[in-house]
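Coordinates in review
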Amino acid sequence: MRIILVGYGVVGKGVTTILSRRYTEKNKNFGFNPKVVAVADVDGAVINPQGLSPDKLEEIKQGGYPISADPEFGCPGIKALNVIKEVEAEVVVEITPVNIKTAEPAMSHIVQAFKTGKHVVTTNKGPLALAMPALTELAQYNNVYFRFSGTVGGGTPVLEFAKRCLAGDQILGIKGILNGTTNYILSEMSQNRISFQDALSTAQKLGYAEREPSMDIDGFDTACKTVILANWILGQKVTLKDVERTGIREVSLQDLDRASKLGNTIKLVGAIDDKNKPVVKPVEISKTNPLCVSGVLNAVTFQCEFAAEQTIVGRGAGGIETAGAVLRDLLDIRHKLAAKLLT
Ligand code: HSE
């Protein structure tokens, strides 16, 4: 399987590391032969149809150079769109930074990949939040697979859990703690009785929250993930503008104390409510509810017709964890292609 990587940040590095580890292990259970043939970044690309060495990519990055500085295979200045169009590969892995205003540049990369008959794996929530129904249709129209496991739950297989483990059941509702940063802030406020501002500063120091933390604390990140769950698991056709959204800025220590006296706490929950409306808001939940995880953990509860409530818990972020989700998606595509060949 030949892969073009678009974006080479923390997740990108995780992807090349994981793929080379699996490749050298020659693990028969995985049975696929992944080869990164191009990596495109903002400054250009590095291209080798025989496959690129992750160690060499890492060495160039460590030296403070753009990857296109590779003396042998570097192509400074070449645009990612041209790399996607011109380099022969089966899959494009799109892992550029998230942009929820325009979804660019990821949106153009994904569309270009579809148009040139390449399957796409992404961890980028932007295009999905703004245009998921249109993108899934476009993938179908072009007869390619589109996978995005790492967009919800990081390395925790939230989407696969619902789609595969609960197959045949009917999922009636979804609610989840989908953002580690806000969960950390609310947990710190409640457990250590510190203010929202102090908890936010600690989250920033620890590298959980962005310097401009609105994406997390105003609930945008949770809203994007709720959109993905609504479309992929419940078959809705919704985008970010359909989400009713409230962040955690107004949650006070007094609110948390009052909840605590009743055996509850407050969490930022993304849910698809009983009227099928995607909603993100701080919600009071019992401390004994399986959804009530603390720190940076994520948890999602699926309300099912037969299996009743099923909750999956795990880390919702992290470079290597999210890269693991990319590997799962690549394997899924590989299995689907193999099954197609058999029929
Ligand atoms: N900023 C997100 C979080 C991780 O705090 O959960 C990326 O989705």
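Residues numbered from 1 in each chain as written. Predicted model: local features only at pLDDT ≥ 70, side-chain atom pairs only at ≥ 80, totals over all residues. Heavy atoms only, no water.

**Examining unusual backbone geometry**
Where we set the bar: Numbering of helices and strands runs from the N terminus; a helix is a DSSP stretch of H or I covering at least four residues, while a strand is a stretch of E covering at least two.
That bond from E104 to P105 is cis: its omega, 5°, falls within 30 degrees of zero. Mapped onto the secondary structure, P105 falls in the loop between β5 (91-94) and α4 (106-115). Of note in this structure, R193 is not a glycine but carries a positive phi near 50°. In the Ramachandran plot, A308 falls in the positive-phi region, its phi being about 55° despite a non-glycine side chain.

**Remarks on the pattern of salt bridges**
This is how the line gets drawn: By definition, a salt bridge exists where a carboxyl oxygen of Asp or Glu is found within 4 Å of a side-chain nitrogen of Lys or Arg.
Under the criterion given, the structure shown has 15 salt bridges. In this structure, R249 engages D218 in a salt bridge whose closest nitrogen and oxygen atoms are separated by 2.7 Å. Placement of the pair is R249 in the loop between β9 (244-245) and α11 (253-261) and D218 in the loop between α9 (214-217) and α10 (220-232), with a sequence separation of 31 residues. Salt-bridge contacts for K336 lead to D332; the nearest nitrogen and oxygen are separated by 3.1 Å. With a gap of 4 residues between them, K336 and D332 both fall in helix α12 (residues 319-342), about one helical turn apart.

**Section: the site of the ligand**
Let me state the cut-off plainly: Near, as used in this document, describes a residue that has one of its heavy atoms within 4 Å of the molecule or strand being considered. Definition of a polar contact: a pair of N or O atoms within 3.5 Å, with one able to donate and the other able to accept a hydrogen when the atoms are protein atoms, and with sequence-neighbouring residues admitted only if both atoms are side-chain atoms. Note that accessible areas follow from Shrake-Rupley with a 1.4 Å probe, and for residues the cover is restricted to the protein chains shown. For this scheme, ten residues count as nonpolar: Ala, Val, Leu, Ile, Met, Phe, Trp, Tyr, Cys and Pro. Four count as charged, namely Asp, Glu, Lys and Arg, and the remainder, Gly too, count as polar.
In the vicinity of the ligand, the residues found are K125, N179, G180, T181, D216, D221, K225 and A317. At 2.5 Å, a side-chain N or O of T181 approaches an oxygen atom of the ligand. Contact distances for the ligand include 2.8 Å between an oxygen atom and a side-chain N or O atom of K225. Alone, the ligand offers 260 Å² of accessible surface; in the complex the protein occludes 78% of this. Split into classes, the residues belonging to the shell around the ligand amount to 1 nonpolar, 3 polar and 4 charged.

**A few points about the nonpolar core**
Heads up, the rule is: Throughout, nonpolar core names a set of buried Ala, Val, Leu, Ile, Met, Phe, Trp, Tyr and Cys residues whose side chains join them through atoms within 4.5 Å. Throughout this description, buried means an accessible area under 20% of the type-specific maximum (1.4 Å probe, protein chains only), exposed means over 50%, and partly exposed covers the range between.
In terms of nonpolar packing, the biggest core is built from 46 residues, with I4, F146, L229 and F302 touching the most fellow members. Among the elements that take part in this core, helix α5 (residues 125-141) stands out by supplying 5 residues, more than any other. Residues M1, L57, V121 and V326 belong to the second largest nonpolar core, which totals 26 residues.

**Details of the environment of R328**
Relative to the helices and strands, R328 resides in helix α12. Placed 319 residues apart in sequence, R328 and G9 show a C-alpha to C-alpha distance of 19 Å.

**Observations concerning the sheet that holds strand β10 (residues 264-272)**
Note the following rule: When DSSP locates at least two bridges between a pair of strands, those strands are taken to pair. When checking whether two residues touch, look at their non-hydrogen atoms; a contact exists if any pair is within 4.5 Å. Fitted lines through C-alpha atoms serve as axes, helices being fitted only where they are in contact, and the angles separating the N-to-C directions of these axes extend from 0 to 180 degrees.
The sheet built from 6 strands is open, its strands ordered β9-β11-β10-β8-β12-β13 with mixed pairing. At either end of the open sheet lies a strand with only one pairing partner, and these are β9 and β13 (309-315). Here strand β8 (residues 171-177) pairs with strand β12 (residues 297-304) via 6 bridges, running antiparallel. By the bridge assignment for β12, I171 is matched with C304. Here helix α6 (residues 158-165) sits on the sheet and contacts β8, β12 and β13; the angle it forms with β12, its principal contact strand, is near 20°. Along the sheet, α10 contacts β8, β9, β10, β11 (278-286) and β12; its crossing angle with β10, the most-contacted strand, is approximately 45°.

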